[in-house]
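So you can see what is in the structure, the chains are spelled out below.
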Amino acid sequence: MLPEIHVFCRPMSRLAKCSIYSDLPKVLPLSEIENIFLQPNVAKSILEHEGFTDSELEAKLDAFTTAIIDSVSDKNKEDAVIRFCRRRIDRALKKIDLSDSSSVDELRASLDAEVTNLNIEALSDYARSKIEKALEERSLIDLLSIYDNKGLLAIASSHLRNTRLAEFEHWLIRNLNNHLAPKVIEEIRITLPDVSVE
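What you see as residue numbers is a count from 1 along each chain, following the sequence as written. Thresholds applied to this predicted model are a pLDDT of at least 70 for local features of residues and 80 or more for the giving and counting of side-chain atom pairs; totals over whole chains, interfaces and linings are not thresholded and use all residues. Values shown for side chains rest on all heavy atoms present in the structure; no hydrogens or waters enter the calculation.

S.K.: Describe in detail the packing of aromatic side chains, supporting the description with residues and values.
M.R.: Ring pairs shown here join Phe, Tyr and Trp side chains whose ring centres sit within 6.5 Å, with only the six-membered ring taken for Trp; geometry is labelled stacked below 30 degrees between planes, edge-to-face above 60, and tilted in between. Scanning all chains against the criterion turns up two aromatic pairs. Residues Phe 84 and Tyr 126 carry aromatic rings whose centres are separated by 5.8 Å and whose planes lie at 35 degrees to one another, so their mutual orientation is tilted. Linking Phe 84 in helix α3 (residues 74–94) with Tyr 126 in helix α5 (residues 120–137), this pair joins segments that are 42 residues apart in sequence. A 1.4 Å probe rolled over the protein chains alone gives each residue an accessible area, and that area as a share of the maximum for its type sets the label: buried under 20%, exposed over 50%, partly exposed in between. The exposure class assigned to Tyr 126 is partly exposed, which follows from its relative accessible area of 41%. Relative to Trp 171, the ring of Phe 168 has its centre 6.1 Å away and its plane inclined at 10 degrees; by these criteria the two rings are stacked. With Phe 168 and Trp 171 both in helix α8 (residues 165–177) and three residues apart, the pair spans about one turn of that helix. Elements are defined by DSSP. Helices are runs of H or I of four residues or more, strands are runs of E of two residues or more, and each kind is numbered from the N terminus.

Here it is, written out as structure tokens:
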């Protein structure tokens, strides 16, 4: 039996957690876990669950993509770049090994050397370039892998279910926890990376 995982979506809001069954994810292809509901395949499955098909389905998906793309202002983009750099810097700092240092001077020298290796300009250029390329190509997959904004789920609620954010969150909890939307759950599982569970 596959292990149960708890996918935390907007932990500070009414959407406390959504329980689904899947392989445990090693690395999520998303900057924020709630962005999983914005992935094109998941968004499409939600629209199909709502009864949309054929050209009407494609039109809804296109309008949804346009709304997400249009929401990325210059300020939002730069804020996302800064958050990306912070995450990468935090991750790098946690990996610093100072165990071989035997004096304060050695600790300082080792730490200074590691910090010097952090190329913030390169990180920010990478993030900014990836966001801009994703916007040009209208690729939500690439955009959501690096761009995070708490307002995106509200866009999903209005375009995928024509409802307010709170109601959309309750719908997600109810359908995922009770397995009332199997296609949506399956698409989420596909989006999560496969890992072996021992």
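S.K.: Describe unusual backbone geometry, with residues and values.
M.R.: Although it is not a glycine, Asp 54 sits at a positive phi angle of roughly 50 degrees. Secondary-structure assignment places Asp 54 in helix α2 (residues 54–70). When its relative accessible area of 63% is taken as the criterion, Asp 54 is described as exposed. Phi angles above zero are rare outside glycine, and Arg 138 is one such case at about 55 degrees. Note that Arg 138 resides in the loop between α5 and α6 (140–144).

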